[in-house]
Amino acid sequence: NRVVAVALGWTSPTNQTPTMTIGGVAAKPAIGMLRHGGDLHTAMFYLRVPTGTTSDFIASIAGSDNDNIDIVVWKVVANNEAPFWNDGKLALSGGSNSLTKTGLLSGMVCAAAVYGSGAISGFTGSWSGSDTLTEHVDAAAGAARVAGYSVALTGGGDFGVTYNNGSTAYPYIATIAVWQ
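Caption draft 1: Focus on the overall build of the protein. Helices and strands together make up the secondary structure of the protein, namely 0 helices and 15 strands. Among the 180 residues that make up the protein, the fraction classed as buried is 46%. A separation of at least 24 residues holds for 78% of the contacts in the protein among residues at least 6 apart in sequence. For the protein, the exposed surface amounts to about 8,000 Å²; the carbon and sulfur share of it is 50%.

Structure representation (structure tokens):
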């Protein structure tokens, strides 16, 4: 029941949809690609990987001048390989924005990633449920910043993640997927 989920974030002046392999097997797009006006891009992939403890993750992004490539990886234990729900949001002006899915069930797993540009000092993630949201990474990478979050639901309800980068001057992109 193990699914590996991977979020990519990168900057590039070209608009190229990436591909990804996990252990040499083509991963499936949960969110093919989001592009924020200029250079910000993000995508999310998944693949059922029932065994093994290590693997190569290879992202292929065509074009030139790809920079600040960041990756967030989650192990998701779920009955279904494909996400139950997925979405992305462009935060064109930075500041605080949110993604929400209502009516989720106990046992669902949510993974979310944020990728931003400029001198963002950090992201803060919060959500509306009673389970604990875990922040896996919030780190600067060159002229960009990436953060990754997850939560396993022990009760039903709504899942709404709010991201705030602390500044309206720098844009960012958020992606989220829910497995059951």
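So that's the structure; there's more coming.
Caption draft 2: Region of the structure containing the nonpolar core. Among the nonpolar cores identified, the biggest contains 22 residues, and Ala-7, Met-44, Trp-74, Val-76 and Trp-179 are the most heavily contacted of them. Of all the secondary structure elements, the ones that give two or more residues to this core are strand S1 (2-11), strand S4 (28-36), strand S5 (40-48), strand S7 (67-77), strand S10 (109-117), strand S13 (144-152) and strand S15 (172-179). Examining the composition of this core, we find that 4 residues originate from one element, S10, more than from any other. Not counting residues up to four positions away in its chain, the partners in contact with Ala-7 are Ala-43, Met-44, Asp-70, Ile-71, Val-72, Trp-74 and Ala-113. In this structure, Trp-85, Val-114, Ala-147 and Leu-153 belong to the second largest nonpolar core, which totals 16 residues.

Caption draft 3: Here's a closer look at the sheet that holds S1. One open sheet holds the 4 strands; their spatial order is S4-S5-S1-S7, and the pairing between them is antiparallel. Each edge of the open sheet is held by one strand with a lone partner, namely S4 and S7. Ignoring strand direction, the axes of neighbouring strands in this sheet form an average angle of 10 degrees. Taken together, the 9 bridges between S1 and S7 define a ladder with antiparallel strand orientation. Bridging from a neighbouring strand, Ala-7 pairs with Val-72 of S7.

Caption draft 4: Geometry of the pattern of salt bridges. Counted under the stated rule, the structure contains 1 salt bridge. Notably, a salt bridge pairs Glu-81 with Lys-28, separated by 2.9 Å at the nearest N-O pair. Of this pair, Glu-81 sits in the loop between S7 and strand S8 (85-91) while Lys-28 sits in strand S4, placing them 53 residues apart in sequence. With relative accessibility at 34%, the residue Lys-28 sits in the partly exposed group.

Caption draft 5: Inspection of the sheet that holds strand S3 (residues 25-26) at higher detail. Pairing in this open sheet of 3 strands is antiparallel, and the strands run S3-S2-S6 from one edge to the other. At either margin of the open sheet sits one strand with a lone partner, and together these are S3 and strand S6 (57-60). Examined bridge by bridge, strand S2 (residues 19-22) and S6 share 4 bridges and lie antiparallel to one another. Following the sheet pairing, Ile-22 is matched in S6 by Phe-57.

Caption draft 6: Highlighting the pairing of S5. The buried fraction of S5 amounts to 8 of the 9 residues, a majority that puts the element mostly inside the structure. The pairing of S4 with S5 spans 6 bridges and is classified as antiparallel. Looking across to S5, one finds that Ile-31 is bridged to Met-44.

Caption draft 7: Spatial organisation of the environment of Gly-103. In this structure, Gly-103 sits in strand S9 (residues 96-104). The sequence separation of Gly-103 and Gly-156 amounts to 53 residues, and the corresponding C-alpha distance is 6.9 Å. Apart from the residues within four sequence positions on either side, Gly-103 is in contact with Gly-157 and Asp-158.

Caption draft 8: Layout of the confidence of the model for the protein. Here the protein averages 79 in pLDDT, and 80% of its residues register 70 or above. At the low end of the mean pLDDT range in the protein sits strand S11 (residues 124-127), at 65; at the high end sits S3, at 94.

Caption draft 9: Inspection of the environment of Ala-62 at higher detail. Inspection of the secondary structure assignment puts Ala-62 in the loop between S6 and S7. Accessibility expressed as a relative area gives 42% for Ala-62, which makes it partly exposed. Sequence separation between Ala-62 and Pro-18 is 44 residues; the distance between their C-alpha atoms is 7.0 Å. Beyond its immediate chain neighbours, meaning those up to four positions away, Ala-62 contacts Thr-14 and Gln-16.

Parameters at a glance
Residues numbered from 1 in each chain as written. Predicted model: local features only at pLDDT ≥ 70, side-chain atom pairs only at ≥ 80, totals over all residues. Heavy atoms only, no water. Helix = DSSP H or I, 4+ residues; strand = E, 2+ residues; numbered from the N terminus. Buried < 20%, exposed > 50% of the residue type's maximum accessible area, 1.4 Å probe, protein only. Contact = heavy atoms within 4.5 Å. Areas by Shrake-Rupley, 256 points an atom, 1.4 Å probe, with all protein chains shown as cover. Core = buried A, V, L, I, M, F, W, Y, C linked by side-chain atoms within 4.5 Å. Pairing = 2+ DSSP bridges. Axes fitted to C-alpha atoms, helices over the stretch in contact; angles between N-to-C directions. Salt bridge = Lys/Arg side-chain N within 4 Å of Asp/Glu carboxyl O. pLDDT = per-residue confidence, 0-100.

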